[in-house]
Amino acid sequence: MSPHQHNPQRHSTRPRPRQPSGGALIDEQGREIPITEGMIQKACRLLDRNWVAAPRQPPTASRETDD
């Protein structure tokens, strides 16, 4: 098989939302809570909803300090 042929047996699947991502949180009782794809997606949606652009500021002259 040449490198340019498609192999139908090989599928790449996205992790399911409940699959651990490899990281973990430690709760108040010291228990390790695996971080899941769903947790990451939820956090990103929350950030997207609450994101506010920083106010534009006029350009400032370069700051040179005399040491």
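This write-up is about the structure you can find in this document. (Residues numbered from 1 in each chain as written. Predicted model: local features only at pLDDT ≥ 70, side-chain atom pairs only at ≥ 80, totals over all residues. Heavy atoms only, no water.)

With that out of the way, let us pick up the pattern of salt bridges. Summed over the entire model, instances satisfying the criterion amount to one salt bridge. Across the pair Arg31 and Asp27 runs a salt bridge, and its minimum N-O distance is 2.8 Å. (Salt bridge = Lys/Arg side-chain N within 4 Å of Asp/Glu carboxyl O.)

The next point concerns a nonpolar patch on the surface. Nonpolar side chains collect at one region of the surface, where Leu25, Ile33 and Met39 lie side by side and expose about 230 Å² of accessible area between them. With respect to the secondary-structure elements, Met39 resides in helix 1 (residues 37–50). Among the residues examined, Met39 registers a relative accessible area of 31% and is labelled partly exposed. (Patch = residues over 30% accessible without salt bridge, like charges linked within 9 Å, V, L, I, M, F, W, Y side chains within 5 Å. Areas by Shrake-Rupley, 256 points an atom, 1.4 Å probe, with all protein chains shown as cover. Helix = DSSP H or I, 4+ residues; strand = E, 2+ residues; numbered from the N terminus. Buried < 20%, exposed > 50% of the residue type's maximum accessible area, 1.4 Å probe, protein only.)

Here Asp27 lies in the loop between strand 1 (20–26) and strand 2 (32–36). Polar side-chain contacts of Asp27 include one of 2.8 Å to the side chain of Arg31. (Polar contact = N/O pair within 3.5 Å; in protein donor to acceptor, adjacent residues only side chain to side chain.)

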